[in-house]
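Residue strings, one per chain:
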Amino acid sequence: MTMVSFRTDDELKKEATKVYEGLGMTLSTALNLFMRQTVIQQKFPCSLELNVAADAKATYPNGFFDLFGSGAGLGLDEEPEDLPPEDVRL
């Protein structure tokens with residue numbers, strides 16, 4: 001095992017910890033779950049709301065929209081389809 005350390009706002013940590021404890025997990029477990037899903041999916045594992053003007057798309061690095069799962073082969077005003085529940089892996 002290795003330790004990962006990063007800085008975050010005290011209030012954000014407190015509020016996130018409260019949410020995850022309500023789900024029956026620690027903050028550490030939640031962050032490990034987030035990283036594991038990143039590896040499994042090979043992209044940012046959450047939907048990001050991107051309000052990007054069509055002419056601004058070219059200013060993003062190649063693969064940006066594929067990596068973050070928004071705009072990949074879609075119009076920027078469309079939402080990607082959700083995976084069926086049987087395809088969701090934890």
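Let me begin by describing the structure that accompanies this report. (Residues numbered from 1 in each chain as written. Predicted model: local features only at pLDDT ≥ 70, side-chain atom pairs only at ≥ 80, totals over all residues. Heavy atoms only, no water.)

1. Here's the deal with the environment of phenylalanine 44
And step 1. Considering the arrangement of structural elements, one finds phenylalanine 44 in the loop between helix H2 (27–41) and helix H3 (64–68).
And step 2. For the pair phenylalanine 44 and phenylalanine 34, spaced 10 residues apart in sequence, the C-alpha to C-alpha distance is 8.8 Å. (Helix = DSSP H or I, 4+ residues; strand = E, 2+ residues; numbered from the N terminus.)

2. Topic: helix H1 (residues 10–22)
And step 1. With 13 residues, H1 extends 19 Å from end C-alpha to end C-alpha; this agrees with the ideal 18 Å at 1.5 Å per step.
And step 2. Two or three places before glutamate 11, at the start of H1, stands the capping residue aspartate 9, its side-chain oxygen 2.9 Å from that residue's backbone nitrogen.
And step 3. Phi turns positive, to about 80°, at glycine 24, one or two residues after H1. (Expected span 1.5 Å × (residues − 1). Polar contact = N/O pair within 3.5 Å; in protein donor to acceptor, adjacent residues only side chain to side chain.)

3. Let's talk about unusual backbone geometry
And step 1. Positive phi is not limited to glycine here, since glutamine 42 has a value of about 60°.
And step 2. Inspection of the secondary structure puts glutamine 42 in the loop between H2 and H3.
And step 3. Note on glutamine 42: relative accessible area 61%, which makes it exposed. (Buried < 20%, exposed > 50% of the residue type's maximum accessible area, 1.4 Å probe, protein only.)

From the geometry alone we can't say anything about function, so treat these as descriptive.
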